[in-house]
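# Inside the fold
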Amino acid sequence: MKRIHRIWAAGLGLALSLSTAWADEVKLTFVSLVPPDSRVAQTVFHPWVDRLNAAGQGIVHLDGRDGLTLANLENVYNRVLDDVVQVGFAQQNAIGGKFIRSAIAGLPFVSNDSESASVALWRLYQSGAIAPEYAEIVPLFLTVFPQSGIHLAHPVAALDDLRGLKLIAVGKAQAEAVTALGGAPLSIPLTEMYQALQRGAADGAIASWTTFDPFRLGDVTRYHVETRLGTSTGMVFLAKKKFDTLPAAVQKILMDNSGEAMSRSFGAYLDGEAKRVRDGVKTTPD
């Protein structure tokens, strides 16, 4: 009877210790801003969350939330700083005036592919060259999207025919490129690009092949000019003030599963997506 009592007591002690461990597990909410069934969610964000949670079992749990319910590209930076959500995906060019030096990675003709450009941007950050722009936050990984081409609703015979056309440009570099070509740049959010082209409010867009699937650009453009007219950068990040309050074990798990390796992986995925979409467009009959 005493032996049974000792076994029961030991089991109770183990259960209590496990309960305490799970109670101490840090929970962080991550917003991806993409649909849950999107390729980037399924290929990049969900596997990253799963890998991090497996490594951090009992220490940290990342609650992945897709879509725009908790944040959008325009407010996600402030939502993270205000601790409404703890980890977010953002594009630096959507955060006005803060990431001037980082924009070098998105200049026209600077990069040939996203993988090497994403690694270069991460190393630039690590070197301290652009670190002051990130003083409020801790980037977990950085990426550079594929360079932008010209996608039009109607054909043109030569680049000179772009003069006077209204072209959506989602970044400063792209807008300057449109102006240099004689076009009129339109500042329209990615989420409104399809409607603007469908209504004829825009003649085309300066955009990467990776925008085609999520924003249905292939439905409203039929003519494409392959070039490298600049791009935008992205990041997954949390607020520095939040990061500094996390236990060292949590910080280590976050960084061990992010950094340069994840920047490279995200860039490689984007290169694959750009090639897949481009090849699909080439084989689509007119």
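Notes on the structure follow. From a predicted model like this one, the values you see are computed outputs, not experimental measurements.

### Some points on the environment of alanine 158
By the element assignment, alanine 158 lies in the loop between β5 (149–152) and β6 (166–169). Taking the C-alpha atoms as reference points, alanine 158 and valine 225, separated by 67 residues in sequence, lie 9.9 Å from one another.

### Overview of the packing of helix α4 (residues 114–127) against helix α10 (residues 259–283)
Their axes nearest at 7 Å, the elements α4 and α10 cross at an angle of 155°. Classified by the angle their axes make, α4 and α10 are roughly antiparallel. Where α4 crosses over α10, the handedness of that crossing is right-handed. Residues Ser114, Glu115, Ser118, Val119, Trp122 and Arg123 of α4 form the contact with α10, whose participating residues are Gly259, Glu260, Ser263, Arg264, Gly267, Ala268, Leu270 and Asp271.

### Section: the nonpolar core
Core analysis: the biggest nonpolar cluster contains 30 residues, and Phe30, Phe45, Trp48, Val236, Leu254 and Phe266 have the highest contact counts within it. Those elements that provide at least two residues to this core are β1 (26–31), α2 (39–55), β2 (60–65), β3 (87–91), β4 (137–144), β10 (233–239), α9 (248–256) and α10. For this core, the leading source of residues is α2, giving seven residues. Aside from chain neighbours lying at most four places away, what touches phenylalanine 45 is Phe30, Ser32, Val34, Val40, Phe89, Phe141, Val236 and Phe266. Within the second largest apolar cluster, 24 residues are counted, among which are Val76, Val80, Val85 and Ala239.

### Here's the deal with empty space enclosed by the protein
Inspection of every chain in the model, using the stated rule, returns one cavity of 30 Å³ or more. Here the largest cavity defines a volume of roughly 30 Å³. In this structure, the largest cavity is lined by Phe30, Ser32, Phe45, His46, Val49, Gly64, Arg65 and Asp66. For the lining of the largest cavity, the elements supplying multiple residues, two or more each, are α2 and β2.

### Quick look at the packing of aromatic side chains
On inspection of all chains with the given rule, the structure shows 14 aromatic pairs. Aromatic side chains phenylalanine 99 and tyrosine 134 sit 4.9 Å apart centroid to centroid with 55° between the ring planes, which places their arrangement in the tilted category. Of this pair, phenylalanine 99 sits in the loop between β3 and α4 while tyrosine 134 sits in the loop between α4 and β4, placing them 35 residues apart in sequence. The pair phenylalanine 99 / tyrosine 134 is uniform in exposure class, with both members buried. With a centroid separation of 5.3 Å and 65° between ring planes, the pair formed by tyrosine 125 and tyrosine 134 is classed as edge-to-face. Ring pairing ties together the aromatic residues Phe30, Phe45, Trp48, Phe89, Phe141, Phe266 and Tyr269, which thus form one cluster.

### Thoughts on the sheet that holds strand β9 (residues 223–225)
Strand order in the open sheet made by the five strands is β7-β6-β8-β5-β9, with mixed pairing throughout. Unpaired on one side and paired on the other, β7 (184–186) and β9 mark the two borders of the sheet. Put simply, the sheet's adjacent strands are angled 30° from each other on average, direction ignored. In the sheet, β6 pairs with strand β8 (residues 204–207) via three bridges, with the strands oriented parallel. In the sheet register, alanine 169 faces β8, and the bridge partner there is isoleucine 206.

Cut-off values and rules
Residues numbered from 1 in each chain as written. Predicted model: local features only at pLDDT ≥ 70, side-chain atom pairs only at ≥ 80, totals over all residues. Heavy atoms only, no water. Helix = DSSP H or I, 4+ residues; strand = E, 2+ residues; numbered from the N terminus. Axes fitted to C-alpha atoms, helices over the stretch in contact; angles between N-to-C directions. Parallel < 35°, antiparallel > 145°, perpendicular 65-115°, else oblique. Left-handed = near helix turned anticlockwise from the far one by under 90°. Contact = heavy atoms within 4.5 Å. Core = buried A, V, L, I, M, F, W, Y, C linked by side-chain atoms within 4.5 Å. Buried < 20%, exposed > 50% of the residue type's maximum accessible area, 1.4 Å probe, protein only. 1 Å grid on protein atoms, 1.4 Å probe; cavity = no way out; pocket = protein on both sides within 12 Å on 5 of 7 lines; lining within 4 Å. Points joined across faces, edges and corners; volume = space filled by probe spheres on them. Phe/Tyr/Trp six-rings, centres within 6.5 Å; stacked < 30°, edge-to-face > 60°. Pairing = 2+ DSSP bridges.

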